[in-house]
Structures are given as C-alpha cells and as structure tokens.
Amino acid sequence: LSAGICAMGGEAVFLGPMPTPGIAFITSAMRADAGVMISASHNPYYDNGIKFFDHQGYKLPDEIELKMEDLIFNHRLKTGVTHQEIGKAYRVDDAVGRYIEYLKATFPKELSLENLKIVVDCANGCSYRIAPIILEELGAQVISLGDEPNGFNINEACGALYPEKLQEKVKTEKADLGIALDGDADRVVLIDEKGSLIHGDCLIALFAFELKARKILAKNKVAGTIMSNLGLELGLKKKDIQLLRCQVGDRYIIEAMRQEKINFGGEPSGHIIFHDYGKTGDGLLAALQFLSIMIHSKKRASELSSCIEIFPQVMENVRVQSKKELSSIPSIQKKIGEIEEELNGKGRMVLRYSGTEPLLRIMLEGQLEKQLEDYASELKKTIEKELT
C-alpha cells in the first residue's frame, strides 16, 4: 500500500499499530489528505481489508468507495510518477502518545480511577499497549488479557465477540468492570462486577440519559440502526428522546448524525459514537465515558445497566447462492406477511443481506422468545427453499 502511495507521488506516513479511531483522529490532527486502516475489524486476520478516512477523519460514503473500486478494477488509474516526483514513506513515532493524551482528555479532569480494579481484553489487537496504559495512568489497577498479539491470533477466542474469558476473570478477580475491545478497538463490550454482559443498547440509553441530563444531547435525538432493540426506542421515548434508525454500520450512523446535526449514536454491537469527541466508533472512549458515569453516580456497573427493558431478539443466518431482491419472491413475501400479522404491531422483523458474506440475516423481536424462535425457523426454511 505504501509503495503504491509513493509511486503516485504521495507521502505514506506510518502510525501503527493503532486503533481505527486513532487513525481517524491522527488523520485530522495532522491535516493529512486521507487515512487508511488495514484491519479485519472483529474478524480473523485472514479477513483483513482496508478502511479509508477523508481528510476530516470521516469514513467514506458508499458512492466514493464505489468510484474507487471502479478506478482500480477497470484499470482507469493514471500511471505512476518518476524521479523526484516519487513520494516518501516515514514513521511518526509519537502517534500512539498523541492518541493516548487525546483519549485521556475526554475523561473529566476532576475524576480518577483510583480504587477501581479493571480487567481489559485487548483481543490481541491494536489496543494491546494503549488500553492498559490509559487506564493505569488514570489511576486504575489493570489486569490485561489478549495483550500478546503475533499477527495471527487477533480476535481468536477473545475480545468483544468472545467475552467469556473476561467474564470469568472479572468474577475471580472481584473486579469492578470488564472491558472487551475488538481487534481494531472501534467497538466495546462491558462486563459488570457480577460477570454479566451489559447489553449494548443499555449502554446507549445510559449515555443518552446522561447527555440529556447535562443538557448537551443535541436536538434530543439519538442515531441507532434497524438492529437497535425496541426496548431502547421505548426507553428513550419515555425521556422525550427520539431514536433515528439507519442501516447497520457505524459509518451510516455518523452519516445520519452529520445530516441531522446531532452528537450521539451507536449500535448494540458496541460501536458508540460521541461526535463531540470523535468521528467514528471508539471502544476505549466509550469505556471511559461509562467509567466517568460510574464514579459520578457512585453506582456499581450492574446498577447502571438496568436503565431500560430489553426485548428478546432471535437471529438466524441463511447462507445464500445469490442476493436476490426479496420483494420479488412471492413465497418469502407471503411468509413475511403471515408473521407480521401474528406479531400484530408488538414486535419487529428485519431481513438484510450481509455486506461482506453470502448471508441473509433474519432478526425477529418481540415479547415471547419461544414464539420468535418458531417464526424464525419457519422463515428460514422458506428462504432456504428459494435461495440455497
């Protein structure tokens, strides 16, 4: 990648290993033309791809990414430069330190993490040094997991997708909080002092309530996704906060936030965006904000996590041969109609194709989990007959 940048006359500036939000921050801080993150996000190393950021540190919209793909795959790029026009590659040695200081500045100066024991799982990813340093410098006693990356063990049975080891460690160490990050640290899963996983939508509700109480929740609106729990929507509504739903993915959330001029949003998977501080999901930043609420309120993590009712959700994946338009398949539409009639407005159904895999994802949400499981099974069988 750096060779290609230099061959076109650009400068390649190495920062890593750095979390994805760190790249976004440094891109803007250095007034660079663009930022690039090589990452598989929460997936295994062999799924590595590329995330691009514009000069402001925002992820690129779909139309720009499609244009880039067209230039590459249709061989429409100009030829490289020669001689003195060839670019340079160099490393910024203090990039990690800059990002650490930026994150610490988001934590209230009058507060300290002293007397708190925190277990952090870095997913053998890019936060393996940064996360423990930040928490320790703010005063916490830190126990680290997933902090021995070798380039191949990232996200392997650890981190945000596999929090089981962290849950056990929190209980055995009698810790106050567990923090699980994914490989590129743009999402977070929190574990309370009892070893229980805190639902992502509970986190979003808690942050929204706190921002509104401090009168800094812009327009009393929160950006979420089609996967955000119905309990979040109803919980926010009780506090006169509106939930705006968009496509799954933190870049769609930030697009909605910019369009609506609001400053907070997130999705239950753990991508949480505080637009006053950053321009993409940041797992460490969200964890620090949660810790600040813990200290201010003098409440345990388990007490804070019960701020809304979470409705049961049932999810199924169907591996498909092709991603046909579902509205064009009568049998699937018939089954969808039957289930929606049974739900009778007391639940939701979401069907969407994965953006990266040949999968159709089914999500059903309502009050009775067994009923939802039956509906999901019926719908899955119908879809399998048509698309597999």
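First, a word on scope: everything that follows refers to the structure included in this document.

Calculation criteria
- Going along each chain's sequence as written, the residues are numbered from 1 onward.
- Under the rules for a predicted model, residues below a pLDDT of 70 receive no local features and side-chain atom pairs below 80 are neither given nor counted, while totals for whole chains, interfaces and linings still include all residues.
- Neither water nor hydrogens contribute to the side-chain values; these are computed over all heavy atoms in the structure.
- For the purposes of this entry, the term helix denotes a DSSP run of H or I that reaches at least four residues, the term strand denotes a run of E that reaches at least two, and both are numbered from the N terminus.
- Put simply, the radius of gyration uses C-alpha atoms, and a globule should come to 2.2 Å times the residue count raised to 0.38.
- Working definition: with a 1.4 Å probe on protein chains only, accessible area under 20% of the residue-type maximum means buried, over 50% means exposed, and in between means partly exposed.
- Residue contacts are counted whenever heavy atoms from the two residues lie within 4.5 Å of one another.
- The Shrake-Rupley method, run with a 1.4 Å probe, gives the accessible areas here. Residue values count only the displayed protein chains as cover.
- A pair of strands is considered paired only if DSSP assigns at least 2 bridges between the two.
- Between the N-to-C directions of two axes lies an angle of 0 to 180 degrees, each axis being a line fitted to C-alpha atoms and, for a helix, fitted only over the stretch in contact.
- The handedness rule is simple: strands pointing away from the viewer, and a clockwise path from the first strand over the helix to the second, make the crossover right-handed.
- Reported orientations rely on four angle classes, namely roughly parallel under 35 degrees, roughly antiparallel over 145, roughly perpendicular from 65 to 115, and oblique for the rest.
- The hand of a helix crossing depends on one turn: near helix anticlockwise from the far one by less than a right angle means left-handed, and clockwise means right-handed.
- Charged residues are taken to be Asp, Glu, Lys and Arg, nonpolar residues to be Ala, Val, Leu, Ile, Met, Phe, Trp, Tyr, Cys and Pro, and polar residues to be all remaining types, Gly included.

**Thoughts on the overall build of the protein chain**
Stage number 1. Helix and strand counts for the protein chain come out as 13 helices and 15 strands.
Stage number 2. The globule rule puts the C-alpha radius of gyration for 388 residues at 21 Å, and the 22 Å found for the protein chain is close to it.
Stage number 3. A total of 388 residues make up the protein chain; the buried ones form 48% of that total.
Stage number 4. A fraction of 66% describes how many contacts in the protein chain between residues 6 or more apart in sequence connect residues 24 or more apart.
Stage number 5. Counting every atom, the protein chain has about 19,600 Å² of accessible surface; 49% of that belongs to carbon and sulfur.

**A short note on the sheet that holds strand β6 (residues 141-145)**
Stage number 1. With mixed pairing, the four strands of this open sheet are ordered in space as β6-β5-β7-β8. If you trace the sheet from one side to the other, it starts and ends with β6 and β8 (188-191), each paired once. Averaged over all adjacent pairs, the angle separating strand axes in this sheet is 20 degrees, with direction ignored.
Stage number 2. As paired elements, strand β7 (residues 177-181) and β8 share four bridges and run antiparallel to each other. Bridge assignment links leucine 181 to a residue of β8, and that residue is valine 188.

**Notes on the pairing of strand β10 (residues 242-246)**
Stage number 1. Note: strand β9 (residues 221-225) against β10, five bridges, orientation parallel. Looking across to β10, one finds that alanine 223 is bridged to leucine 244.
Stage number 2. The parallel pair β9 and β10 is bridged by helix α8 (residues 230-238), and the resulting crossover is right-handed.

**Looking at the packing of helix α7 (residues 200-213) against helix α10 (residues 283-297)**
Stage number 1. Across the interface, α7 lies against α10 with an axial gap of 11 Å and an inter-helix angle of 60 degrees. Relative to α10, the element α7 lies oblique. When the axes of α7 and α10 are compared, the crossing they make is left-handed. Across the interface between the two elements, Leu203, Leu206, Phe207 and Glu210 from α7 touch Ala286, Gln289, Phe290 and Ile293 from α10.
Stage number 2. Along the lines of polarity and charge, the residues of the contact of α7 with α10 split into six nonpolar, one polar and one charged.

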